[in-house]
Amino acid sequence: MKLVISTKTLMILYTNGFNDPYSHIVKITLAEKCLNFEEQLVKKNMEVLKNLNPYCYTPILIDRALILYKTEIITEYIDERFPHPPLLPINPILKAKTKLLIYRINKDWFKTLSYILNLKYNISENLEKYKRNLILQISNAKLLFDEMPYFLSENFSLIDCWISTLLWYLKEIDKDFLKREKVIHEYSKKMFSRESFQKMLNKE
């Protein structure tokens, strides 16, 4: 695959296909901002990844001559460069709390999800353990889904980009999970029917 550096306004997002929840988050963020982008699948092509990201993981966003990696950095950049609609609070205290919550969601839930996706096509006794742990952790947090219109917020935010992605992958891991958890199910229906989410699915 040839390395492409964009000189146009259209951004390029390098992803690793369906088993790439972090790219999924970025695509929802781009869709919320109504931004057009070109998706390039790298399929773990190490040569291409090394040219773009020394740590060799996706997503990678190219905006003109700027190359960004790490989901949190990419999404914050998108939100600051294209401020409407805002996906992070303007208030520095609320912004810090939001970013801290995203850190915890990534550390506690997405790392486990990544293990599951990596183990899915391999025989491993740890796979079911990771599945049970992730489902239990989210079930224990179900009251948080009912406190406000969005996840701990009056408005759709970057947190919802993360949580909706998590639930989308979770329903593939356990098809009955959302049926068992009514509050989480109602939240997921609202997220999955959102225009940005549907746009993102069309990019799959």
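Described below are features of the structure shown in this document.

Each value, and the rule that gives it
- Note on numbering: residues in each chain are counted from 1, in written sequence order.
- At least 70 in pLDDT is required for a residue's local features to be given in this predicted model, at least 80 for side-chain atom pairs to be given and counted, and no such filter applies to totals for whole chains, interfaces and linings, which use all residues.
- Side-chain measures were taken over the full set of non-hydrogen atoms in the model, leaving aside hydrogen atoms and water.
- Runs of H or I in DSSP of at least four residues are treated as helices and runs of E of at least two as strands, each being numbered from the N terminus.
- The contact definition used throughout considers only heavy atoms, calling two residues in contact when any of these lie within 4.5 Å.
- Burial status follows relative accessibility: with a 1.4 Å probe on protein chains alone, a residue under 20% of its type maximum counts as buried, one over 50% as exposed, and anything between as partly exposed.
- When DSSP locates at least two bridges between a pair of strands, those strands are taken to pair.
- Where helices are involved, their axes are fitted lines through C-alpha atoms of the stretch in contact, as for all axes, and angles between N-to-C directions lie from 0 to 180°.
- Should an angle lie under 35 degrees it is considered roughly parallel, over 145 roughly antiparallel, and from 65 to 115 roughly perpendicular; all remaining angles are considered oblique.
- By convention the crossing between two helices is left-handed if the near helix lies anticlockwise of the far one by an angle smaller than a right angle, and right-handed if it lies clockwise.
- Polar here means any residue outside two lists: the nonpolar Ala, Val, Leu, Ile, Met, Phe, Trp, Tyr, Cys and Pro, and the charged Asp, Glu, Lys and Arg; Gly therefore counts as polar.

1. A word on the side chain of threonine 75
- Positionally, threonine 75 belongs in helix 3 (residues 71-81).
- The contacts of threonine 75, once residues within four sequence positions are left out, are Ile25, Val26, Thr29 and Leu158.

2. Digging into the pairing of strand 1 (residues 11-15)
- For strand 1, the tally of buried residues reaches 5 of 5 residues, placing the bulk of the element in the interior.
- Residues Met11, Leu13 and Thr15 point to one face of strand 1 and Ile12 and Tyr14 to the other, with burial holding for every one of them.
- Looking at chain direction, strand 1 and strand 2 (residues 37-41) are connected through 5 bridges and run parallel. Bridged to tyrosine 14 within strand 2 is glutamine 40.
- As defined by bridge partners, strand 1 adjoins strand 3 (residues 60-63) across 3 bridges and the pair is classed as antiparallel.

3. Observations regarding the packing of helix 1 (residues 21-32) against helix 9 (residues 195-202)
- Packing of helix 1 against helix 9 leaves a shortest axis separation of 8 Å and a crossing angle of 125°. Between helix 1 and helix 9, the interaxial angle falls into the category oblique. Helix-helix and strand crossings are classified by hand; for helix 1 and helix 9 the assignment is right-handed. From helix 1, His24, Lys27, Ile28, Ala31 and Glu32 reach across to helix 9, where they touch Ser196, Phe197, Lys199 and Met200.
- Broken down by class, the residue content of the contact of helix 1 with helix 9 amounts to 4 nonpolar, 2 polar and 3 charged.

4. Some details on the packing of helix 1 against helix 6 (residues 158-173)
- Between helix 1 and helix 6, the least distance of the axes is 9 Å, while the angle of their chain directions is 135°. Judged on the interaxial angle alone, helix 6 and helix 1 are oblique. When you trace helix 1 past helix 6, the crossing you get is right-handed. Note on element contacts: helix 6 touches helix 1 through Leu158, Cys161, Trp162, Ser164, Thr165, Trp168 and Tyr169, opposite Pro21, Tyr22, His24, Ile25, Ile28 and Thr29.
- Broken down by class, the residue content of the contact of helix 1 with helix 6 amounts to 9 nonpolar, 4 polar and no charged.

5. Some details on the sheet that holds strand 1
- Taken together, the 4 strands give an open sheet; going across it, the order is 2-1-3-4, and neighbouring strands pair in mixed fashion. Taken across any chain shown, the strands that pair with only one partner, and hence form the sheet edges, are strand 2 and strand 4 (66-69). Taken pair by pair, the neighbouring strands of this sheet meet at an average axis angle of 20°, ignoring direction.
- Relative to strand 4, strand 3 is paired through 4 bridges, and the arrangement is antiparallel. Within the sheet, the bridge partner assigned to isoleucine 62 lies in strand 4 and is isoleucine 67.
- The strands that helix 3 touches are strand 3 and strand 4; relative to strand 4, the one it contacts most, it runs at about 130°.

6. Observations concerning unusual backbone geometry
- Following threonine 58, the chain continues into proline 59 via a peptide bond in cis, with omega recorded as 5°.
- Following histidine 84, the chain continues to proline 85 via a peptide bond in cis, the omega torsion being -5°.
- Structurally, proline 85 is set in the loop between helix 3 and helix 4 (92-119).
- In this structure, cysteine 34 takes a positive phi of about 55° despite not being glycine.
- With respect to the helices and strands, the residue cysteine 34 is situated in the loop between helix 1 and strand 2.

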